[in-house]
Amino acid sequence: MDDQQWFVEQFAQHRPRLRSVAYRLLGSATEVDDALQEAWLRTTRTDPATITNPAAWLTTLVGRVCIDMLRARQARREFFGATWEPLVSEYGDPEAASLHTDAVGIALLVVLDSLEPAERLAVVLHDMFGMPFEQVAAVVGRTPAATRQLASRARRRLRDHASQPRAGLPAQRHVVDAFLAAARAGDFDALLALLDPDVVLRADHGRRARLAPALLTGAHAVAARAADAGPRFARLCAPALVNGLAGVVARDRRGRLVAVVGVTIHGDRITAIDLILDSGKLSSEPAHPSPQA
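Now for a description of the structure that goes with this document. (Residues numbered from 1 in each chain as written. Predicted model: local features only at pLDDT ≥ 70, side-chain atom pairs only at ≥ 80, totals over all residues. Heavy atoms only, no water.)

## Details of the pairing of strand β2 (residues 195–204)
Here β2 pairs with strand β7 (residues 269–276) via 6 bridges, running parallel. By the bridge assignment, R202 is partnered in β7 with D274. In this structure, β2 lies alongside strand β3 (residues 215–217), joined through 3 bridges in antiparallel fashion. For V200, the partnering residue across the bridge sits in β3 and is T217. (Pairing = 2+ DSSP bridges. Helix = DSSP H or I, 4+ residues; strand = E, 2+ residues; numbered from the N terminus.)

## Overview of the packing of aromatic side chains
A full pass over the atoms with the stated rule returns 3 aromatic pairs. Consider the rings of W6 and F7, whose centres lie 5.2 Å apart with planes at 75°: the pair is edge-to-face. Where F7 meets W57, the ring centres are 5.9 Å apart and the plane angle is 35°; that geometry is what we call tilted. Here F7, found in helix α1 (residues 3–26), pairs with W57, found in helix α3 (residues 54–75); they are 50 residues apart in sequence, far enough to count as distant. The buried category is assigned to F7, whose relative accessible area is 4%. Classification of W57 by relative accessible area gives partly exposed; the value is 23%. Here the aromatic residues W6, F7 and W57 are joined through ring pairs into a cluster of three or more. (Phe/Tyr/Trp six-rings, centres within 6.5 Å; stacked < 30°, edge-to-face > 60°. Buried < 20%, exposed > 50% of the residue type's maximum accessible area, 1.4 Å probe, protein only.)

## Re the pattern of salt bridges
Counting across every chain of the model gives 12 salt bridges. We note a salt bridge from R73 to E31, for which the minimum N-O separation is 2.4 Å. Pair noted here: R73 is in helix α3 and E31 is in helix α2 (residues 29–43), with a separation of 42 residues, a long-range link. For the residue pair R73 and E31, the accessibility class agrees, reading buried in each case. For E134, the salt bridge goes to R148, with nearest N and O atoms at 3.7 Å. Here E134, found in helix α7 (residues 133–140), pairs with R148, found in helix α8 (residues 144–161); they are 14 residues apart in sequence, far enough to count as distant. (Salt bridge = Lys/Arg side-chain N within 4 Å of Asp/Glu carboxyl O.)

## Remarks on the nonpolar core
Ranked by internal contacts, the top residues of the largest apolar core, which has 43 residues, are L112, L121 and L125. Taken together, the elements giving at least two residues each to this core come down to α1, α2, α3, α5 (106–114), α6 (117–128), α7 and α8. The dominant element in this core, judged by the number of residues it contributes, is α1, at 8 residues. Residues contacting L125, with those up to four places away along its chain left out, are V21, L25, T59, G130, M131, V136 and V139. (Core = buried A, V, L, I, M, F, W, Y, C linked by side-chain atoms within 4.5 Å. Contact = heavy atoms within 4.5 Å.)

No statement about biological role is implied by the geometric values presented.
Right, here's the structure in full:
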């Protein structure tokens, strides 16, 4: 077997893990494809005889590509809103399970997106994928001790701001359906009952004119906003999977996606709502029939 064929087989074998690593590091399906393409190109500069653990080597290679991309992203100042993109599929879509294999909840992506590139790599590669700190240190260009400190700082941020949903998917769906029904009716009291007292609503407009406040906190403020704007907006909405969790998509009368709503739920209360209105993050999503008003 020649070198090229060996790399082809190794890349194909480990591709699901590499995609999962890259999505957690970059948060963008488009950039994941770019990262894997760049990693593949870099394999041509390597002698396979020097590789003793292909899975670890490829993970390290993808990590290096991703930290270069994160640092380049940080150096540019033109970004508006978040840099991650949602993964969305309709319920009943047979490809949904495959699409959401790489997904992490939007609440977690929001916090990951706020970390320094080295912090993000340290916590993702070590905590989520079990890479030893000695190997992570080689990717981020720090000592193992310094890399442990990076992961510790990132871990505290994640623990403080991005606790994971505890409700199962059917329970999440029940809460989201109830919230949509209350929003369509403009029922402030019903909305309030579904919201955690400290709920956060984040709106990512990208370059678009703001159609909603960028940040609202507290159940009364979020319920008031949903009761005011909800009846018109909710008529465009349908249930969906958003980053593996129960969420909502909104489509116009032509079936074009105009918004994605990620919802984080603990128990029977909504703790975070992420409204993605940035057309640049929605443009690659295929059109579907619009929901009935």
